[in-house]
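What follows is each chain in one-letter form.
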Amino acid sequence: MDKNVDYSEYAVVMRGITKRFPGVLANDRVDLFVKKSEIHAIVGENGAGKTTLMNQLYGLIRPDDGKIYINGVEKIIKDPNDAIAAKIGMVHQHFMLVDRLSVVENIVLGQEPVRGPFFALNRARKEIKDLSRKFGLTVDPDSIIEDMPVGMQQRVEIIKVLYRGAEILVLDEPTAVLTPQETNELFEILRSLKSQGKTIIFITHKLNEVMAITESVTVMRLGRVTGVVKTSQTSPRELANMMVGREVLLTVEKNSAHPGDEILQVKDLIVKENRGIKAVKGLSLTVRSGEIVGIAGVAGNGQTELTEAITGLRKVESGKIIFKKEDITNFSPKKRREMGMGHIPEDRLKHGLIKTFPIYYNFILGEHDDPKFSDGVFLKIKDIRKFSEDLVKKFDVRPPKIDLLGMNLSGGNQQKVIVAREIAFDPVLMIVSQPTRGLDVGAIEFIHKTLISMRDKGIGILLISMELEEIFSLSDRILTIYEGQIMGEVRPEKTTTEAVGLMMAGHKLEDLHQEA
Amino acid sequence: MNEWIQAIFNVFTNPTFYKSTLTQSTPLILAALGGVFSETTGVTNIALEGIMLMGAFGGVMGSYFTGNPWYGLVLGTFFGVAMAALHAWASIKYGADQIISGTALILLAQGITGFALVELFGQPGSTDLVRSIPLVDLGAFKQIPFVGDIFGNLSPFVYIAFASVAFGWILIYKTKLGLRMRSVGNNPEAADTLGVNVYNVRYFGVIMSGFFAALGGAYLSIGELGQFTTNMTNGRGFIALAAMIIGNWNPVGAMSASLLFGSATAFNNQLQSQSVLNLSTNTQYIFGMIPYIITLIVVGGLIGKSRSPSADGVPYIKE
Ligand SMILES: Nc1ncnc2c1ncn2[C@@H]1O[C@H](COP(=O)(O)OP(=O)(O)OP(=O)(O)O)[C@@H](O)[C@H]1O
Ligand SMILES: [Mg+2]
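All residue numbers refer to positions counted from 1 along the written sequence of the respective chain. Key to labels: chains lettered from A, ligands numbered from 1, both in the order written. Residues qualify for local features only when their pLDDT is at least 70, as the model is predicted, and side-chain atom pairs are given and counted only at 80 or more; totals for whole chains, interfaces and linings, by contrast, use all residues. Side-chain calculation: all heavy atoms of the structure are included, whereas hydrogens and water are not.

Draft legend 1. The overall build of chain B, seen in detail. On a plain count of helices and strands, chain B comes out with 14 helices and two strands. Structurally, chain B occupies a C-alpha span of about 65 × 45 × 40 Å along its principal axes. Look at the contacts in chain B between residues 6 or more apart in sequence, and 76% of them connect residues 24 or more apart. In these tables, accessible area is a Shrake-Rupley quantity obtained with a 1.4 Å probe, and a residue counts as shielded only by the protein chains included in the view. Put simply, chain B shows about 13400 Å² of open surface, and 66% of that area lies on carbon and sulfur atoms. Averaging the locations of the 13 positively and 13 negatively charged side chains of chain B gives two centres separated by 11 Å. Helix numbers and strand numbers start at the N terminus; a helix is a DSSP run of H or I with at least 4 residues, a strand a run of E with at least 2. In this description, contact between two residues means that some pair of their heavy atoms is separated by no more than 4.5 Å. We score Asp and Glu as negative and Lys and Arg as positive, and we do not count His or the chain ends. Here the site of a charge means atom NZ of a Lys, CZ of an Arg, CG of an Asp or CD of a Glu.

Printed below as a string of structure tokens:
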């Protein structure tokens with residue numbers, strides 16, 4: 001039927017794409033039109049089918065139905081090799097890098113330059129340097145991936161794609177793990193790519209990013225396209241409504257807190273990171289019941305080590321952690337959990353979920369020996385399933401199928417599973433790290449509301465987030481962390497993002513007052 | 001006490017100890033290298049022991065029927081490759097549990113060799129003597145004291161083992177195939193998104209492991225002895241696995257660890273034969289444990305320092 005239609009002004013056209021997974025219609029007759037050298041956003045709720053759509057463009061999965069046209073020509077993309085040949089490159093939501101290998105090795109993998117029987121590393125290095133220079137993407141070609149910060153790893157992913165000569169770049173939630181600084185750098189890179197004629201498909205949950213960098217937007221919801229608009233003719237509010245199908249509050253509503261006793265005290269804590277360097281350097285803080293204490297800071301300033309030390313996942317060098325008036329510095333994670341400490345970890349795939357377990361097992365992790373779920377020998381599967389059915393409904397996990405494996409959930413829904421589990425066991429203290437990373441606006445609204453209502457029920461919450469906005473809208477007190485130390489404590493209503501921003505860059509609160 | 005010091009001194013000053021270290025290490029080096037090949041691509045191969053056994057048996061069988069030990073070598077490595085192909089087929093194509101598949105192969109090898117031994121040679125225990133692969137005679141070089149005694153008359157397998165290590169190291173670290181092997185062993189998904197065929201690379205790794213482990217096995221039978229005896233690998237496949245781990249999945253590391261184990265065995269054999277000690281046969285069993293105790297201690301001490309490929313033993317299943 002499309003025989004006579006001319007798609008040549010489009011870099012990518014996807015027509016009527018349908019993809020069904022067992023029990024889920026992930027893409028339902030999706031149409032996508034992306035003009036040449038534009039930056040096109042795809043937005044939509046968690047599980048809307050954005051990643052699935054892009055995986056089909058990149059040949060990682062095959063559509064059940066539908067057609068793909070690249071620069072006006074129909075293409076059948078069976079595997080990533082076909083996509084690479086069609087000059088399509090993809091930076092995946094979860095990075096696809098080989099941790100142990102160096103930057104060069106990762107970049108050239110699959111298209112290695114050779115000299116005789118050998119791999120020509122030097123030529124590869126030079127090609128990468130040229131690419132770096134051309135697009136303003138500086139990286140050290142010989143660093144090992146696992147030693148690099150995520151922002152840098154992402155550059156490697158982008159160079160990897162460019163090295164293959166990609167003209168069409170798909171970036172699946174590239175900013176979810178970046179600091180605001182790194183995001184700005186990424187945007188510079190994207191603008192430079194665009195000015196050199198590349199077409200970019202950009203998936204994000206952050207509507208201000210859509211407004212800042214894209215030209216047009218496709219909105220998806222429950223596997224379908226619900227709107228296509230020019231960025232200049234829309235607003236974040238309108239996009240949010242199209243995504244979620246209802247009005248969304250983009251700001252948090254809360255009353256003032258009524259904090260009770262001190263429930264968590266951290267005293268002069270020193271913790272080392274993996275390479276043996278001190279990451280937390282004599283840090284002290286307290287959290288009272290019924291308040292949210294936010295920790296603001298640029299990634300990599302000791303937040304990870306701090307939360308791991310509090311939750312018992314990392315050894316403490318010196319200092320004390322006191323929880324419910326008891327010194328728990330050397331308690332096992334299990335013991336801490338039994339005492340009522342909940343944890344929403346920053347790396348959900350590593351510490352939050354077991355990918356190969358169904359949802360209902362993931363819901364009882366850590367509580368598996370609770371008499372509710374086990375009689376001491378056997379698991380009470382029926383009760384567990386019933387409990388899970390309730391949680392899935394209450395937290396709107398999509399699709400609401402408790403037999404689905406953790407890895408088959410969309411990123412946002414994985415997060416919902418973790419949050420649901422941690423809240424369900426009635427903690428008195430929650431250590432919450434990046435709770436809304438990768439979540440859609442609707443889910444963020446939900447999680448924020450949940451955290452506030454937990455606070456109002458008298459639970460103490462320590463919130464670690466790179467999102468300054470989130471810290472400001474949820475916290476009752478804000479502590480700013482820099483190089484493993486607290487630079488100062490402020491109240492959100494009595495300070496500005498600029499002041500906190502300065503502390504995040506290493507200025508002490510007292511210094512700020514003096515300068516003022 | 002004094003006689004012990006004397007005995008140990010005797011061992012270390014005798015070239016036989018060094019030669020024996022080389023010959024004891026040779027099968028370990030080859031099998032450990034095989035392990036490195038397989039596991040670098042992300043497939044654990046505990047079947048080395050079984051593959052070696054098949055290599056040893058095939059070696060004798062080929063030599064027996066053709067009268068040419070080199071054909072024996074060909075048959076032995078063919079058997080090894082076939083075993084490895086089975087392991088690859090089960091664990092790569094069907095995502096079978098690699099430990100189970102490996103264990104099954106070990107038992108299979110013991111069964112086949114035990115059965116064929118009786119069928120072909122008419123007796124359990126051991127085969128007839130067959131021609132073994134001739135040693136490399138270095139001629140005048142042999143006259144040099146000490147060094148000549150060590151290197152003058154070695155089996156070609158010894159040279160093959162060291163050359164294989166060099167070959168393996170270059171292949172894994174300096175060629176594009178090697179890069180693909182390492183990537184597939186650490187993050188098959190990432191390799192797949194770049195168009196690398198994960199399955200083919202893994203097949204290659206596993207089959208190479210069969211080839212090298214079988215070479216190591218063949219050395220035991222047609223390298224010097226010219227005979228196959230029941231279960232003649234005697235746990236060497238497992239020691240080779242340990243050497244691979246201690247060597248941090250690196251061909252050169254695996255070779256060094258194999259040399260360590262080889263020297264322990266050589267030392268132990270030489271020490272027992274020192275007449276000053278007057279050992280009873282019973283204590284020989286205690287001595288026989290030395291290499292294994294060293295394994296335990298070294299493995300224990302190195303835990304956490306050596307890291308296996310991240311996707312080692314994890315089947316890769318697409319969609
Ligand atoms: N391999 C799979 N098997 C079964 N269901 C799957 C599989 N992959 C994805 N799904 C389902 O398909 C739907 C779409 O998922 P997809 O990952 O495309 O969402 P998304 O829009 O990228 O969400 P997010 O913003 O959270 O990343 C989800 O309901 C998800 O659970
Ligand atoms: Mg996604």
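Draft legend 2. Here's a closer look at the packing of helix H2 (residues 15–40) of chain B against helix H12 (residues 251–272) of chain B. Residue and element names in this part refer to chain B. To get an axis, a line is fitted to the C-alpha atoms, and for a helix only the part in contact is used. The angle between two axes follows their N-to-C directions and goes from 0 to 180 degrees. The N-to-C vectors of H2 and H12 enclose an angle of 140°; their axes lie 7 Å apart at closest approach. Compared by their axis directions, H2 and H12 come out oblique. The way H2 lies across H12 gives a crossing that is right-handed. Residue composition of the contact of H2 with H12, by class: 13 nonpolar, 11 polar and no charged. Roughly parallel refers to an angle under 35 degrees, roughly antiparallel to one over 145, roughly perpendicular to one between 65 and 115, and oblique to any angle outside these ranges. Take the far helix as your reference; a near helix turned counterclockwise from it by less than a right angle gives a left-handed crossing, and one turned clockwise gives a right-handed crossing. In the scheme used here, Gly and all other residues not listed as nonpolar or charged are polar, with Ala, Val, Leu, Ile, Met, Phe, Trp, Tyr, Cys and Pro taken as nonpolar and Asp, Glu, Lys and Arg as charged.

Draft legend 3. The arrangement of the site of ligand 1 in detail. Residue and element names in this part refer to chain A. The near set for a molecule or strand comprises every residue that places at least one heavy atom within 4 Å of it. Taken together, the neighbourhood of ligand 1 is formed by 20 residues, with Gly 47, Lys 50, Thr 51, Thr 52 and Asn 408 sitting nearest. Pairs of N or O atoms are called polar contacts if they sit within 3.5 Å, as long as, within protein, a hydrogen donor faces a hydrogen acceptor (for residues adjacent in sequence, only side-chain-to-side-chain pairs). One of the side-chain N or O atoms of Lys 50 is found 2.8 Å from an oxygen atom in ligand 1. The side chain of Glu 173 places a nitrogen or oxygen atom 3.1 Å from an oxygen atom of ligand 1. Out of a free accessible area of 640 Å², ligand 1 has 88% covered by protein chains.

Draft legend 4. Spotlight on the confidence of the model for chain B. When pLDDT is averaged along chain B, the result is 91, and 97% of the positions lie at 70 or above. With pTM at 0.83, the complex prediction returns an ipTM value of 0.86. One number per residue, pLDDT, summarises how confident the predictor is, and it ranges from 0 to 100.

Draft legend 5. Looking closely at the pattern of salt bridges. Residues and elements named next belong to chain A. For salt bridges, the criterion is a side-chain nitrogen of Lys or Arg within 4 Å of an Asp or Glu carboxyl oxygen. The full count for this structure, using the stated rule, is 38 salt bridges over all chains. For the salt bridge of Arg 224 with Asp 28, the shortest nitrogen-to-oxygen distance reads 2.6 Å. Of the two residues, Arg 224 is situated in strand S12 (residues 224–230) and Asp 28 in strand S2 (residues 24–35); the sequence distance between them amounts to 196 residues. Residue Arg 224 is classed as partly exposed on the basis of its relative accessible area of 44%. Three exposure classes are used, based on accessible area relative to the maximum for each residue type with a 1.4 Å probe and protein chains only: buried under 20%, partly exposed in between, and exposed over 50%. Overall, Asp 28 belongs to the buried group, its relative accessible area being 8%. The partner of Arg 398 in a salt bridge is Glu 45, and the shortest N-O contact between them spans 3.2 Å. Of this pair, Arg 398 sits in the loop between helix H13 (381–394) and helix H14 (411–424) while Glu 45 sits in the loop between strand S3 (39–44) and helix H1 (50–57), placing them 353 residues apart in sequence. The exposure class assigned to Arg 398 is partly exposed, which follows from its relative accessible area of 24%. Glu 45 sits in the buried class, given a relative accessible area of 5%. Residues joined by salt bridges that share partners form a network here, namely Glu 45, Arg 221, Asp 396 and Arg 398.

Draft legend 6. Representation of the environment of Asn14(B). All names here are of chain B. Structurally, the position occupied by Asn 14 is in the loop between helix H1 (2–13) and H2. In the structure, Asn 14 is positioned 199 residues away from Ala 213 in sequence and 30 Å away in space, judged by C-alpha atoms. A polar side-chain atom of Asn 14 sits 2.8 Å from a polar atom in the side chain of Thr 16.

Draft legend 7. Representation of a nonpolar patch on the surface in the model. Residue and element names in this part refer to chain B. Taken together, the side chains of Ile 8, Phe 12, Tyr 18, Leu 138, Phe 141, Ile 144, Phe 146, Val 147, Phe 151 and Tyr 159 define a hydrophobic patch exposed on the protein surface, amounting to about 770 Å² of accessible area. Contributing elements (two or more residues each) for the nonpolar patch: H1 and helix H6 (147–151). Among the secondary structure elements, Tyr 18 is positioned in helix H2. Patch rule: a residue counts if its relative accessible area is over 30% and it has no salt bridge; like charges are joined within 9 Å, and nonpolar side chains (Val, Leu, Ile, Met, Phe, Trp, Tyr) within 5 Å.

Draft legend 8. Representation of the coordination of the magnesium ion (ligand 2) in the model. Residues and elements named next belong to chain A. Each protein donor to the magnesium ion (ligand 2) is listed here as Thr 51 (OG1) and Gln 93 (OE1); together their distances run 1.9 to 2.3 Å. Here Thr 51 is found in helix H1, whereas its partner Gln 93 is found in the loop between strand S6 (88–91) and helix H3 (103–108), with 42 residues between them in sequence. Taking the relative accessible area as the measure of exposure, Thr 51 reaches 26% and is therefore partly exposed. Listed donor atoms are N, O and S within 2.8 Å of the metal (Na, K and Ca: 3.2 Å). As water is not included, a site may look incomplete.

Draft legend 9. Up close: the packing of aromatic side chains. Residues and elements named next belong to chain B. Classification of ring pairs rests on two measures: the distance between centres of Phe, Tyr or Trp rings, Trp counted by its six-membered ring, which must be within 6.5 Å, and the angle between planes, read as stacked under 30 degrees, edge-to-face over 60 and tilted in between. Overall, the coordinates contain 24 aromatic pairs over all chains when judged by the stated rule. The interplanar angle of 85° and the centroid separation of 5.2 Å between the aromatic rings of Phe 12 and Phe 17 together place this pair among those described as edge-to-face. On the basis of relative accessible area, Phe 12 is assigned to the partly exposed category, the value being 39%. Residue classification places Phe 17 among the buried residues on the basis of a relative accessible area of 6%.

Draft legend 10. Inspection of the sheet that holds strand S14 (residues 278–288) of chain A at higher detail. Residues and elements named next belong to chain A. The rule for pairing is simple: two strands pair if DSSP sees at least two bridges between them. Read from one edge to the other, the open sheet built from four strands follows the order S14-S13-S16-S17, with strand pairing classed as antiparallel. Each having just a single partner strand, S14 and strand S17 (326–327) make up the two edges of the open sheet. Sheet topology note: the strand S13 (residues 262–272)/S14 ladder contains eight bridges and is antiparallel. If you follow Leu 269 over to S14, its bridge partner there is Leu 283.

Draft legend 11. Just the packing of helix H7 (residues 156–174) of chain B against helix H8 (residues 176–186) of chain B, in detail. Residues and elements named next belong to chain B. Put simply, H7 and H8 touch, their axes get as near as 5 Å, and they point 75° apart. In this view, H7 runs roughly perpendicular relative to H8, as classed from their interaxial angle. Taking contact as the criterion, the partners of Leu 171, Ile 172, Tyr 173 and Lys 174 in H7 are, on H8, Lys 176, Leu 177, Gly 178, Leu 179, Met 181 and Arg 182. Considering only residue class, the contact of H7 with H8 consists of six nonpolar, one polar and three charged.

Draft legend 12. Spatial organisation of H13(A). Residue and element names in this part refer to chain A. Residue count minus one, scaled by 1.5 Å, sets the expected span of a helix. If you check H13, its first and last C-alpha atoms are 20 Å apart, about what 14 residues at 1.5 Å a residue would give, namely 20 Å. Of the residues making up H13, those classed as buried are Ile 384, Phe 387, Ser 388, Leu 391 and Val 392. The buried residues of H13 all sit within an arc of 135° when viewed along its axis, so they share a single face. In this structure, H13 carries Lys 382, Lys 386, Lys 393 and Lys 394 as exposed residues pointing more than 90 degrees from its buried face. Summarising the contacts, the buried residues of H13 are in contact with helix H12 (359–364) and H14. Each direction from the helix axis to a C-beta atom contributes to the arc, which is the arc of those directions.

Draft legend 13. Seen up close, the side chain of Gln227(B). All names here are of chain B. Secondary-structure assignment places Gln 227 in the loop between helix H10 (198–223) and helix H11 (236–246). By relative accessible area, Gln 227 is classed as buried at 19%. Within the structure, the side chain of Gln 227 is placed 3.5 Å from the side chain of Ser 126, a separation counted as a polar contact. Ignoring anything within four residues of it in the chain, the contact list for Gln 227 reads Val 60, Ser 126, Thr 127, Asp 128, Leu 129, Ser 221 and Met 232.

Draft legend 14. How the structure looks around H2(B). With 26 residues, H2(B) should cover 38 Å at 1.5 Å per step; its first-to-last C-alpha distance of 36 Å lies within 8% of that length. Here the bend at a residue is taken as the angle between two axes, fitted respectively to the seven residues that end there and the seven that start there. The sharpest bend along H2(B) comes to roughly 35°, located at Ser25(B), with the proline Pro27(B) sitting one to four residues further on.

Draft legend 15. Spotlight on the pairing of strand S11 (residues 216–221) of chain A. Residues and elements named next belong to chain A. Among the six residues in S11, five count as buried, and that is most of the element. As paired elements, S3 and S11 share five bridges and run parallel to each other. Each bridged residue has a counterpart across the sheet, and for Gly 44 the counterpart in S11 is Met 220. In this sheet, S12 lies alongside S11 in antiparallel orientation, the contact comprising six bridges. The partner of Ser 216 across the bridge, within S12, is Lys 230. Linkage of S11 to S12, two consecutive antiparallel strands, is achieved through a turn of two residues, within which Leu 222 is found at a positive phi near 50°.

Draft legend 16. Geometry of the environment of Asp128(B). Mapped onto the fold, Asp128(B) is located in the loop between helix H5 (98–121) and strand S1 (136–137). Residues contacting Asp128(B), with those up to four places away along its chain left out, are Tyr64(B), Phe121(B), Gln123(B), Gly226(B) and Gln227(B).

Draft legend 17. Layout of the interface of chain A and chain B. Every contact between the two is made by 29 residues of chain A and, on the other side, 23 residues of chain B. Together chain A and chain B conceal approximately 2100 Å² of surface at their shared face, both sides included; 59% is due to carbon and sulfur atoms. In terms of surface lost to chain B, no three residues of chain A exceed Met96(A), Arg100(A) and Leu109(A), which account for 28% of the buried area on that side. Applying the counting rule to chain A against chain B returns three salt bridges. Joining chain A to chain B, the criterion identifies 10 residue pairs in polar contact (both at pLDDT 80 or more). Of the residues in the side of chain A that touches chain B, the class split is 16 nonpolar, five polar and eight charged. Buried area is calculated as the accessible area (1.4 Å probe) missing from two parts once they are joined, with the contributions of both summed.

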